[in-house]
Amino acid sequence: MSSQPPARRTVLRGVALAGAAGLGAAACSGGGSGGKPPATPTAPVDLGAASAVPVGGAKLYREKRVVVAQPAKGQYKAFSAVCTHAGCVVDKIEDGKINCPCHGSQFDAETGKVLRGPAGAPLPAVPVKAEGGKLVAGPDA
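The shown structure was predicted, so the numbers you read here are calculated from the model rather than taken from an experiment.

Turning next to the side chain of Q106. Position of Q106 among the secondary structure elements: in strand β7 (residues 106–108). Within polar-contact distance, the side chain of Q106 engages the side chain of N99 at 2.6 Å.

Structure below.
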């Protein structure tokens, strides 16, 4: 039996497929600086007037990716506005429930706990404080 070298076309097809697979793997990897921003603030974030958060209610700061609740006068609690299911930013608060537009998850606005999945984990707590009539969320708050 004589072994013949593979045809040129076969070799080129194999090289092209291997290259495409490598590019696909690189595109799907989570490394690099092109990833999503963190779910919670990494530096203090000025949210503006504390009076904007109603007593017994909550306010969404979508651009800042934070939800702040005021369960009792002067008592503030903050949570990430990034859904723990797929990383979407929540879009509204209705009847004490934080709603995610992507897959329908709901969270309690006072506790961040999951009320309806598919999210399985609560929204991460974010430190928050009221100082001089303004709210600041994030580290050192």
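Following the sequence through the fold, R65 ends up in the loop between β2 (57–61) and β3 (66–72). Although R65 lies buried, it forms no salt bridge, and the closest oppositely charged side chain, E63, sits 11 Å away as judged by the N-O distance.

Spatial strand order, β5-β6-β7-β8: 4 strands in an open sheet with antiparallel pairing. What marks the edges here is a single partner per strand, and that holds for β5 (92–94) and β8 (114–116). Each neighbouring strand pair of the sheet contributes to a mean axis angle of 35°, computed without reference to strand direction.

Cut-off values and rules
Residues numbered from 1 in each chain as written. Predicted model: local features only at pLDDT ≥ 70, side-chain atom pairs only at ≥ 80, totals over all residues. Heavy atoms only, no water. Helix = DSSP H or I, 4+ residues; strand = E, 2+ residues; numbered from the N terminus. Polar contact = N/O pair within 3.5 Å; in protein donor to acceptor, adjacent residues only side chain to side chain. Buried < 20%, exposed > 50% of the residue type's maximum accessible area, 1.4 Å probe, protein only. Lys, Arg positive; Asp, Glu negative; His and termini not counted. Salt bridge = Lys/Arg side-chain N within 4 Å of Asp/Glu carboxyl O. Pairing = 2+ DSSP bridges. Axes fitted to C-alpha atoms, helices over the stretch in contact; angles between N-to-C directions.

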